[in-house]
Amino acid sequence: MLLIRRFEEEAARAYAQGKIGGFLHLYIGQEAIAVGADAALHKDDYVFQTYRDHGTAIARGMTARAAMAELYGKDTGCSRGLGGSMHFFDVENNFLGGYGVVGGHVAVAAGAAFKAKYRKEDRVAVCFFGEGATNIGGFHEGASLAGLWKLPLVLICENNTYAMGTPFHRTSPSDTITSKAAGYGMAHDRFEGGDVEEVQTRIAAAAARAREGGGPTLIEIMTYRFRGHSMSDPGKYRSREELEERKKHDSVHLYRERLLKVGVAENEIKALEKSVEDEVMDAVQFAEQSEPAKTETMYNSIYAP
Ligand SMILES: Cc1ncc(C[n+]2csc(CCOP(=O)(O)OP(=O)(O)O)c2C)c(N)n1
C-alpha cells in the first residue's frame, strides 16, 4: 500500500512539472482494495482495471520502474511507452490492462473468464471498475453472459462516491450497486474497503466460489479517492471538511498504527518506509534516464492481416 501511495505522490509531482503527458488518474485512498485483492488471488488469475490502474498493476507485481517509465512515455515502460497512465499492461503478471472506455472492459474480462472455463483452467478473471461504469452497456453485457454461463468472474466495483464530479445518488436509481447482481443471477457482497485484510478475505471467498464452478460474484467495495478524478480536477463538487473527514480513515496510516499495536517495531516500519522511498526514487531516476518510446515500436505494434 505504501509503495503505491509513494509511487503516485511522485507521479503527481512529475506530472505537475510537465514530465508526464496525457491524463493521470490517481488511486490514492483506494490502495487497500488493490493490495487485498492481490493477496486473495493466484498469480495465474487475470486482472482487468480501468484507467485508474497504477495501484492494481503494482499490487500484481509490476515494478515501480516499468510503471514510472510508462508514465514518462519511455521505451522501458510496461507498454513500451505507447500506452501511458491509462493503458498499463503486464502479460507476465496477468495484468491484462488499464482501459479508458468506461465499463467496456467488463465484457473483455468476461471473455477471459469464458476462456478459462472453456479450457478448464484453474483461473478466475477479476475486473475492477467504478460505480459509474455499472450504467454502461459493456458492464451489463459482461454480467449477463457471466451469470448465464456461470463464468469464473469476480466483478469488483470500487464505489468511491464520485464518477468524475457526479455523486453516486445522481448516477444510480438504486442505493447499492449490488442490487444489480440479482438480475444476472449472481452472488454479491458489499462492504467498506478500508481494511486490507477484510478485502482479502471477502474477495478470496468470491474467487473460491468462481473456481469451484459457482459462477460470478458482484462485489461492491465502498471507498474514497483523496485526489481529484484526474490531475486537472479542481474538486469543487465536494467540501474540504468531507475530504478531511475521509482522510481520518486512510487505510495506509491505519495499517501502520495496527502494525505498531500488534508489536511490530517502529524501527522495522521505518526501514520498510526507507526501502519504499528508495524504490520509488530509483523508479523516477530510471524513467528520467530511459529512452523515449520508439516510432518503430508503434509500427510493429499495428496488426494488419
Ligand atoms: C464510455 C465512456 N464514457 C465516458 C467517459 C468519460 N469518463 C471518464 S471517467 C468517467 C467517470 C467514471 O466514473 P467511475 O466509473 O465511477 O470511476 P472512477 O473514476 O470513480 O474510478 C467518465 C464519464 C469514458 N472514458 N468512457
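Our structure is the block above this text.
Owing to the predicted nature of the structure, the values given are computational and were not obtained by experimental measurement.

Caption draft 1: Seen up close, the overall build of the chain. Scanning the chain from terminus to terminus reveals 11 helices and eight strands. Here the chain has a C-alpha radius of gyration of 19 Å; the compact-globule value for 305 residues is 19 Å, and the two agree. Referenced to the eigenvectors of the C-alpha coordinate spread, the extents of the chain come out at roughly 55 × 50 × 40 Å. Carbon together with sulfur atoms contributes 55% to the accessible area of the chain, which is approximately 14300 Å² in total. For the chain, the distance from the average position of its 36 positive side-chain charges to the average position of its 42 negative side-chain charges is 2 Å.

Caption draft 2: Fine view of helix H7 (residues 196-211). Here H7 is 16 residues long and its end C-alpha atoms lie 22 Å apart, about the 22 Å a rise of 1.5 Å per residue gives. Taken as a whole, H7 has its buried residues at Val 196, Val 199, Ile 203, Ala 206, Ala 207 and Ala 210. Taken end-on, H7 shows its buried residues confined to a sector of 100 degrees, consistent with a single buried face. For H7, the elements touching its buried residues are helix H2 (31-40), strand E4 (153-159), strand E7 (187-192), strand E8 (217-222) and helix H9 (251-261). Of the residues flanking the end of H7, it is Gly 213, one or two places downstream, whose phi is positive at about 90 degrees.

Caption draft 3: Layout of the packing of aromatic side chains. Summed over the entire model, instances satisfying the criterion amount to seven aromatic pairs. Pairing Phe 114 with Trp 149 gives two aromatic rings, centres 5.5 Å apart and planes at 45 degrees, and the pair type is tilted. One end of the pair, Phe 114, is in helix H5 (residues 104-118); the other, Trp 149, is in the loop between helix H6 (137-148) and E4, and 35 residues separate them in sequence.

Caption draft 4: Inspection of the sheet that holds E4 at higher detail. Spatially, six strands are ordered E2-E1-E3-E4-E8-E7 in an open sheet, and the strand pairing comes out parallel. The two strands at the open ends of the sheet, each matched to only one other strand, are strand E2 (95-99) and E7. Each neighbouring strand pair of the sheet contributes to a mean axis angle of 15 degrees, computed without reference to strand direction. As paired elements, E4 and E8 share six bridges and run parallel to each other. Residue pairing for E8: Asn 159 is matched across the bridge by Met 222.

Caption draft 5: Fine view of the state of the cysteines. Under the defined criterion, the tally for this structure stands at zero disulfides. Left unpaired, Cys 157 is separated from the closest cysteine sulfur, that of Cys 127, by 10 Å.

Caption draft 6: Highlighting a nonpolar patch on the surface. Together, Phe 114, Tyr 118, Leu 145, Leu 148 and Trp 149 give the surface a local cluster of nonpolar side chains, amounting to about 570 Å² of exposed area. Among the elements of the structure, H5 and H6 are those that each provide at least two residues to the nonpolar patch. Secondary-structure assignment places Tyr 118 in helix H5.

Caption draft 7: Structural view of the packing of helix H1 (residues 2-16) against helix H10 (residues 266-289). Running from amino to carboxyl end, H1 crosses H10 at an angle of 40 degrees, the nearest separation of the two axes being 9 Å. Relative to H10, the element H1 lies oblique. Once H1 is placed against H10, the crossing between them reads as right-handed. Of the residues in H10, those in contact with Leu 2, Leu 3, Arg 6, Phe 7 and Glu 10 of H1 are Glu 273, Val 276, Glu 277, Glu 279, Val 280, Met 281 and Val 284.

Rules of the game
Residues numbered from 1 in each chain as written. Predicted model: local features only at pLDDT ≥ 70, side-chain atom pairs only at ≥ 80, totals over all residues. Heavy atoms only, no water. Helix = DSSP H or I, 4+ residues; strand = E, 2+ residues; numbered from the N terminus. Rg over C-alpha atoms; globule rule 2.2 N^0.38 Å. Areas by Shrake-Rupley, 256 points an atom, 1.4 Å probe, with all protein chains shown as cover. Lys, Arg positive; Asp, Glu negative; His and termini not counted. Charge placed at Lys NZ, Arg CZ, Asp CG, Glu CD. Expected span 1.5 Å × (residues − 1). Buried < 20%, exposed > 50% of the residue type's maximum accessible area, 1.4 Å probe, protein only. Arc of directions from axis to C-beta. Contact = heavy atoms within 4.5 Å. Phe/Tyr/Trp six-rings, centres within 6.5 Å; stacked < 30°, edge-to-face > 60°. Pairing = 2+ DSSP bridges. Axes fitted to C-alpha atoms, helices over the stretch in contact; angles between N-to-C directions. Disulfide = S-S within 2.5 Å. Patch = residues over 30% accessible without salt bridge, like charges linked within 9 Å, V, L, I, M, F, W, Y side chains within 5 Å. Salt bridge = Lys/Arg side-chain N within 4 Å of Asp/Glu carboxyl O. Parallel < 35°, antiparallel > 145°, perpendicular 65-115°, else oblique. Left-handed = near helix turned anticlockwise from the far one by under 90°.

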